[in-house]
Amino acid sequence: MTIQDQLESTIKALVQDGKGILAADESSPTIAKRFAAINVESTEENRRAYRSLILSTPDLGQYINGVILFEETLGQRDEQGTPLPDVAERQGIVPGIKVDKGKVALANAPGDEITRGLDGLEARLEGYIEQGARFAKWRCVYHIGGHNPGRLAVEANANVLASYAAICQAQGVVPIVEPEVLIDGDHTIERCADVMEDVLHEVFHALHRHRVSLEHMLLKPSMVTPGKDHRPQATPEQVADYTLRIFRRTVPAAVPGINFLSGGQTPEEATRNLNAINCLSDRPWNLSFSYGRALQEPALKAWQGNPGQVQAAQQALFHRARMNGLAVQGEYGDTAEKDASWEL
Ligand code: 13P
């Protein structure tokens with residue numbers, strides 16, 4: 001297959017109506033935090049057991065078409081000795097890989113951060129491809145507060161996102177470009193909309209400068225919402241209105257799909273907002289999810305590190321995946337949320 005064919009077939013697999021992406025790429029400190037909340041120690045074996053449980057959830061491929069993994073998971077195996085990327089692939093779920101190396105303070109930009117990981121990325125990607133990864137993810141974050149994010153942060157992060165995306169495409173790996181405007185703070189939804197508009201304009205300018213093929217990438221943004229400490233919070237219809245208004249102004253129609261992150265929304269909130277977004281018309285892109293916490297939180301709570309609870313955890317994950325699959329089609333509601341007839 002040529003590089004072009006590889007990019008096209010991966011995009012086709014990742015953009016399917018009624019399906020979305022599972023983000024299971026928590027870095028070591030982040031997964032330790034998630035495990036601490038359920039009193040599970042973050043050992044390599046516990047991480048392997050948990051991620052193996054997730055990827056082997058029966059029929060998960062009905063609603064999930066891609067999974068973002070952390071580097072360690074690419075090299076792990078299930079109880080039968082099958083590499084975890086193959087466990088996903090067997091379910092029709094494309095394995096992907098988080099390739100950024102996390103964020104650090106941006107020099108001369110107090111309060112802003114930049115994401116590292118470009119050095120040696122080409123060589124790392126070669127290894128990830130050999131282990132089965134077909135797409136990648138890179139996250140940049142933007143804090144809202146006072147003068148943040150400043151111009152320097154908006155421009156510098158757009159440049160690293162675009163460099164990363166160009167490097168991935170050169171190797172036939174579909175890049176997920178993730179600019180996350182953080183939900184922390186008490187800012188209004190209007191302020192979030194202004195920041196998001198600036199951030200996305202800059203990201204797409206940079207992608208253009210770096211000659212990234214928009215047809216062969218996915219955007220993974222946050223939704224436009226008020227800060228989590230702002231009262232009142234917005235209704236799903238308001239979130240949908242603001243989000244689509246900003247995206248229509250900034251995201252070219254050539255981008256095949258936008259897969260939202262959940263960014264601290266509760267699982268049901270993230271589903272309700274996605275559903276409201278998909279109830280609006282006039283959108284050239286497939287609008288779906290790439291949730292981490294909003295898909296996994298109920299599964300982690302059900303599991304508690306107990307092998308006897310594996311099925312309950314899989315059930316919880318499958319339920320959230322199914323609810324979000326409905327939200328992608330604008331068909332989610334209370335009846336579906338409470339319907340237990342589909343249980344595994
Ligand atoms: P959340 O949905 O928990 O925000 O995670 C998505 C993600 O991949 C963050 O990089």
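As shown above, the structure is provided for reference.
Residues numbered from 1 in each chain as written. Predicted model: local features only at pLDDT ≥ 70, side-chain atom pairs only at ≥ 80, totals over all residues. Heavy atoms only, no water.

J.: Just to check I follow, could you spell out the site of the ligand for this structure?
T.: Among the 13 residues in the neighbourhood of the ligand, the closest are listed as Lys137, Lys220, Ser262, Gly263 and Arg293. Glutamate 178 is positioned with one of its side-chain polar atoms (N or O) 2.9 Å from an oxygen atom of the ligand. In the environment of the ligand, an oxygen atom lies 2.5 Å from a nitrogen or oxygen atom belonging to the side chain of serine 262. For the shell around the ligand, the class distribution of residues is 3 nonpolar, 4 polar and 6 charged. (Near = heavy atom within 4 Å. Polar contact = N/O pair within 3.5 Å; in protein donor to acceptor, adjacent residues only side chain to side chain. Nonpolar A, V, L, I, M, F, W, Y, C, P; charged D, E, K, R; others polar.)

J.: Would you mind going over helix α11 (residues 293–303) with me for this structure?
T.: In an α-helix there are 3.6 residues to a turn, and that puts residues three or four apart on one side. The set of residues buried in α11 consists of Ala294, Leu295, Gln296, Ala299, Leu300, Ala302 and Trp303. Remark: glutamine 304 follows α11 within two positions and exhibits a positive phi of approximately 55°. (Buried < 20%, exposed > 50% of the residue type's maximum accessible area, 1.4 Å probe, protein only. Helix = DSSP H or I, 4+ residues; strand = E, 2+ residues; numbered from the N terminus.)

J.: What am I meant to see in the nonpolar core here?
T.: Inside soluble globular proteins, nonpolar side chains tend to come together where they are buried. In this structure, Tyr164, Phe204 and Leu207 are the most contacted members of the largest nonpolar core, which totals 112 residues. Ignoring sequence-local partners within four residues, the contact set of tyrosine 164 consists of Val99, Leu118, Leu121, Ala136, Lys137, Trp138, Pro175, Ile176 and Val177. (Core = buried A, V, L, I, M, F, W, Y, C linked by side-chain atoms within 4.5 Å. Contact = heavy atoms within 4.5 Å.)

J.: Got a minute to help me understand helix α6 (residues 121–130) in this structure?
T.: Residues of α6 that are buried include every one of Leu121, Arg124, Leu125 and Tyr128, and no others. Taken end-on, α6 shows its buried residues confined to a sector of 100°, consistent with a single buried face. Pointing more than 90 degrees away from the buried face of α6 are the exposed residues Ala123, Glu126 and Glu130. Next to the buried residues of α6 lie α4 (71–74), β3 (94–98), β6 (135–142) and α7 (151–170). Remark: glycine 132 follows α6 within two positions and exhibits a positive phi of approximately 110°. (Arc of directions from axis to C-beta.)

J.: How do you make sense of the packing of aromatic side chains when you look at a structure like this?
T.: The description of two aromatic rings rests on the distance between their centres and on the angle between their planes. Taken as a whole and assessed by the stated rule, the structure comprises 7 aromatic pairs. Aromatic pair phenylalanine 35 and tyrosine 50: ring centres 5.7 Å apart, planes at 85°, arrangement edge-to-face. You can see phenylalanine 35 sitting in helix α2 (residues 28–36) and its partner tyrosine 50 sitting in helix α3 (residues 44–55), a full 15 residues away along the chain. Both residues of the pair, phenylalanine 35 and tyrosine 50, count as buried. Where tryptophan 138 meets tyrosine 164, the ring centres are 5.4 Å apart and the plane angle is 35°; that geometry is what we call tilted. (Phe/Tyr/Trp six-rings, centres within 6.5 Å; stacked < 30°, edge-to-face > 60°.)

J.: Would you explain the sheet that holds strand β1 (residues 20–24) in this entry?
T.: The strand order β1-β2-β3-β6-β7-β8-β9-β10 describes a closed barrel built from 8 strands, whose pairing is parallel. Contacting β9 (257–260) and β10 (286–291), helix α10 (residues 267–279) runs over the sheet at an angle of about 170° to β10. (Pairing = 2+ DSSP bridges. Axes fitted to C-alpha atoms, helices over the stretch in contact; angles between N-to-C directions.)

J.: Can you help me understand the environment of alanine 294 in this one?
T.: Relative to the assigned elements, alanine 294 resides in helix α11. On the basis of relative accessibility, which here comes to 0%, the residue alanine 294 falls in the buried class. The sequence separation of alanine 294 and arginine 51 amounts to 243 residues, and the corresponding C-alpha distance is 16 Å. Aside from chain neighbours lying at most four places away, what touches alanine 294 is Ser262, Pro267, Ala270 and Arg320.

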